[in-house]
Amino acid sequence: MTLKAAITITSISIALLVIYGADAAIGSGTGTGFLPFDNKVRGIGLGIPSVVLPIIAYVISRNEPSKILGSLIIISGLLTVIGSVGFLAMQDPAVVDETKNRTSEFAPVIAIGALIVGLGIMKKKKSSKPVSK
């Protein structure tokens, strides 16, 4: 039961990240995308749950082997890292002060994404080992 819940909430995390990325990409010049949210609301409403959910999934399923869940957690972490790095890469380098500020804002997000990838790798490795009884 907990494995199904973990897979479900990690899938929700991936969906939130895809929606977040699409909305941010569409609204990159204006600050708002197809959702009626500004950057701050989008980050709180979609970003925070998308990084918290895979961590919860890992914790609630830590004793249950699942390569599928491990893969989903890795995908979630990679989307977080790639999205953050991509957003930083799209910044106008002419605005040096603002870009530096954005980098310091996104460094923790990138670190959390890397942590999530690490959790997914650990989950897959634990799932590959034979279960001892």
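My aim in this report is to walk through the structure given alongside it, one point at a time. (Residues numbered from 1 in each chain as written. Predicted model: local features only at pLDDT ≥ 70, side-chain atom pairs only at ≥ 80, totals over all residues. Heavy atoms only, no water.)

So, on to the nonpolar core. Core analysis: the biggest nonpolar cluster contains 12 residues, these being Ala6, Ile9, Leu16, Leu46, Val51, Leu53, Ala57, Tyr58, Leu69, Ile73, Ile116 and Leu119. Among the secondary structure elements, those contributing two or more residues to this core are helix 1 (2–26), helix 2 (39–60), helix 3 (67–89) and helix 4 (96–128). When residues in this core are grouped by element, the largest group, five residues, is from helix 2. (Core = buried A, V, L, I, M, F, W, Y, C linked by side-chain atoms within 4.5 Å. Buried < 20%, exposed > 50% of the residue type's maximum accessible area, 1.4 Å probe, protein only. Helix = DSSP H or I, 4+ residues; strand = E, 2+ residues; numbered from the N terminus.)

Here the focus is the side chain of Ser13. Turning to its location among the elements, Ser13 is positioned in helix 1. Here Ser50 takes part through its backbone oxygen, which lies 2.6 Å from a polar atom of the side chain of Ser13. When neighbours within four sequence positions are excluded, Ser13 is seen to be in contact with Ser50, Leu53, Pro54 and Ser76. (Polar contact = N/O pair within 3.5 Å; in protein donor to acceptor, adjacent residues only side chain to side chain. Contact = heavy atoms within 4.5 Å.)

Centre distance and the angle of the planes are the two values used to describe a pair of aromatic rings. Evaluated as defined, the whole model comprises one aromatic pair. Plain terms: the ring middles of Phe87 and Phe106 are 5.1 Å apart, the flat faces sit at 35° to each other, and that makes the pair tilted. Remark: Phe106 occurs in helix 4 and Phe87 occurs in helix 3; sequence separation between them is 19 residues. Given the relative accessible area of 21%, Phe87 is considered partly exposed. Overall, the relative accessible area of 16% leaves Phe106 in the buried class. (Phe/Tyr/Trp six-rings, centres within 6.5 Å; stacked < 30°, edge-to-face > 60°.)

Below, the discussion takes up helix 3. Under the 1.5 Å per step criterion, the end-to-end length of helix 3 is 32 Å for 23 residues, consistent within 8% with the ideal 33 Å. Within helix 3 the residues assigned to the buried category are Leu69, Gly70, Leu72, Ile73, Ile74, Ser76, Gly77, Thr80, Val81, Ser84 and Leu88. (Expected span 1.5 Å × (residues − 1).)

Our focus in this paragraph is the packing of helix 2 against helix 3. Helices that pack against each other are described as a pair by the angle of their axes relative to one another and the distance between those axes. It is at 10 Å that the axes of helix 2 and helix 3 come closest, and there the two elements cross at 155°. With respect to each other, helix 2 and helix 3 are oriented roughly antiparallel. Here helix 2 runs over helix 3; the crossing is left-handed. Contact residues: helix 2 offers Ser50, Val51, Pro54, Ala57 and Tyr58, while helix 3 offers Leu69, Ile73, Ser76 and Thr80. Its residues assigned to classes, the contact of helix 2 with helix 3 comprises six nonpolar, three polar and no charged. (Axes fitted to C-alpha atoms, helices over the stretch in contact; angles between N-to-C directions. Parallel < 35°, antiparallel > 145°, perpendicular 65-115°, else oblique. Left-handed = near helix turned anticlockwise from the far one by under 90°. Nonpolar A, V, L, I, M, F, W, Y, C, P; charged D, E, K, R; others polar.)

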